[in-house]
Amino acid sequence: MFGIEILEMMFRTIIRRFRLLMLTFDQSTSMTFYSSPALFLNIRRTFAAAILVFGIIAIFSLNGTAQSNPDPQDAVAVFNAAQDLHEKGKLAEALRLYEEAIRIEPQFAEAEYQRGIAQLSLGKSLDAERSFRRAVELRPAWTLAMASLGSLLVQQNKVEEAEQILVRVLSSDSLNPPALTALADLYLKTGAPAKSLQDLLTNIAVLTGKASPTPSLWTAQAALENVLGRRTQAKQSIANALLIDGSNSSALLLAGNIAIVEGDIVRAKEILTRLTGNSSDPASVVYLRANVFAFEGNYDEAIAELNSIKANNKDAADLLSRIRTARSTSPAELEKALAVNTSDSVVLGRLCTLYRKDDPTKALEYCRRASEAEPENINHAVGFGAALVQAKQFEAAVGLLKKIIEIVPDNATAHANLGTALFQLKRYAEANTEFEWLTKAQPKSPGAYLFLGIAHDQLSHYLDAMANYQQYLRLADPVENKLDIEKVNLRLPSLQKLIKDGKGKKNE
């Protein structure tokens, strides 16, 4: 006969299981219970079991038939101890106890599942796969374990089986967040038809439209929107994800890749800074960094980055191939290729980049032609604007860059070049608008604060100049920005005296 202590232990286990369900629910989705029938059924069954155990405990208490000492080897007790360790981040110790609980009770599905979660956190993906499979074998209708298995199979590129499992989950729970996000990843990897992507996007949008959606849902929605050509919506979905979790690496990586496509190298660099040491997908960070180097024509650095990616990565291989082609083809040979096809936007764009440092005037012409050949590609237009600035055609640059910003208002590279052009034209008040935008968009980037300080200084806004100079000194790299730091430090004593003497104008 069950003792009162064992029944109480069962109740604590049920309550803990409910907490685990809620934890999984919180990590993977923010939908209401009623929007996920399977999850709600699990929770409802958990409460029903709790009520039943409470009733049994009450009966045993009244009858005084309880035994006093639970079996110390009881699988439930070991499982509870494992979860305590798991919650404290002691994964190796928790894993050992999960395995002990399974040894005592081989049919313990929850222990199998939690063992898989611990193994996954420890990087033991093959072991985690076996644990998830066993959990599903023990409880074939358990959508939580099925979704976790399907998501892991997507990561392992076992796409056919993953799709079967995820579709099965969604057939019984059409708004299961882990299954939806995993299926989005699968569809994007395999190049699914637009209709499949749209149908999936529609279901995910139902969840993001509810209260408190999770970053993973917003990021999945953004990825689908991006591949469907809805880049503006994708960037807004990314912003929503980062508003919830500003360090979400998946959202940042997607934002960085979009920035590269749009020619927003300033934004891409800022994202790389935020991703440093903060990504579960280091190969993707390396790929983004290589793209930045390649965009700027630093091919040696780009190749070194790509060669450091050990895993078979098709995107990295494609970029490496493009870089090698660009390096092996001289500008003269590219210009010969234009004689065959004068509107080849790829060749024109490459010449635009190659000549930008050494011959800005020549680069300007190729940038203009690339933009005309492929007007829908904002990258060419942004490159054209940058070439105008480098060619010191500041008035023309201002006109073009203002038009670009109307189309892509969040393009940091366009704002930086527009601010630079206005600054060089001594239109300091207008330049300040652009640099202030940059400090809000990229508060840890020192360059904009330096320009703001100089511009305010020129306008006799000495207090504002002082504030921005000091912020620049806090953020600037002492080696890379050594010369500018010295100039600012030389200016500060004079500026402090002007402020003390009550000189200067207020910034209206």
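Keep in mind that what you see is a predicted model, and the values were worked out from it rather than measured.

Rules of the game
- Residues numbered from 1 in each chain as written.
- Predicted model: local features only at pLDDT ≥ 70, side-chain atom pairs only at ≥ 80, totals over all residues.
- Heavy atoms only, no water.
- 1 Å grid on protein atoms, 1.4 Å probe; cavity = no way out; pocket = protein on both sides within 12 Å on 5 of 7 lines; lining within 4 Å.
- Points joined across faces, edges and corners; volume = space filled by probe spheres on them.
- Helix = DSSP H or I, 4+ residues; strand = E, 2+ residues; numbered from the N terminus.
- Nonpolar A, V, L, I, M, F, W, Y, C, P; charged D, E, K, R; others polar.
- Axes fitted to C-alpha atoms, helices over the stretch in contact; angles between N-to-C directions.
- Parallel < 35°, antiparallel > 145°, perpendicular 65-115°, else oblique.
- Left-handed = near helix turned anticlockwise from the far one by under 90°.
- Contact = heavy atoms within 4.5 Å.
- Salt bridge = Lys/Arg side-chain N within 4 Å of Asp/Glu carboxyl O.
- Buried < 20%, exposed > 50% of the residue type's maximum accessible area, 1.4 Å probe, protein only.

Participant: Describe the layout of surface pockets, with residues and values.
Facilitator: In this model, the second largest pocket occupies a volume close to 1500 Å³. Around the second largest pocket sit 38 residues that line it, and Ile-265, Val-266, Lys-269, Glu-296 and Ser-445 are the ones nearest its centre. Broken down by secondary-structure element, the contributors of at least two residues to the lining of the second largest pocket are helix 14 (265-275), helix 21 (378-390), helix 23 (412-424), helix 24 (428-441), helix 25 (446-458) and helix 26 (462-475). For the lining of the second largest pocket, the leading source of residues is helix 14, giving 6 residues. Considering only residue class, the lining of the second largest pocket consists of 16 nonpolar, 12 polar and 10 charged.

Participant: Account for the packing of helix 4 (residues 91-104) against helix 5 (residues 109-121), naming residues and giving values.
Facilitator: Across the interface, helix 4 lies against helix 5 with an axial gap of 9 Å and an inter-helix angle of 155°. The angle between helix 4 and helix 5 places the two elements in the roughly antiparallel class. Helix-helix and strand crossings are classified by hand; for helix 4 and helix 5 the assignment is left-handed. Touching Leu-91, Leu-95, Tyr-98, Glu-99, Ala-101 and Ile-102 of helix 4 are Ala-111, Glu-112, Gln-114, Arg-115, Ala-118, Gln-119 and Ser-121, all from helix 5. Residue classes in the contact of helix 4 with helix 5 are distributed as 7 nonpolar, 3 polar and 3 charged.

Participant: With reference to specific residues and values, describe the pattern of salt bridges.
Facilitator: One pass over the full model with this rule turns up 24 salt bridges. Here Asp-457 makes a salt bridge to Arg-491, at a shortest N to O gap of 2.8 Å. In this pair, Asp-457 is assigned in helix 25 and Arg-491 in helix 27 (residues 482-500), connecting sequence segments 34 residues apart. A salt bridge links Glu-486 to Lys-482, with the shortest nitrogen-to-oxygen separation between them at 2.7 Å. Here Glu-486 pairs with Lys-482, and both are found in helix 27, just 4 residues apart, close to one helical turn. A relative accessible area of 38% means that Glu-486 is categorised as partly exposed. When its relative accessible area of 46% is taken as the criterion, Lys-482 is described as partly exposed. One salt-bridge network, held together by shared partners, links Glu-129, Arg-133, Lys-158 and Glu-161.

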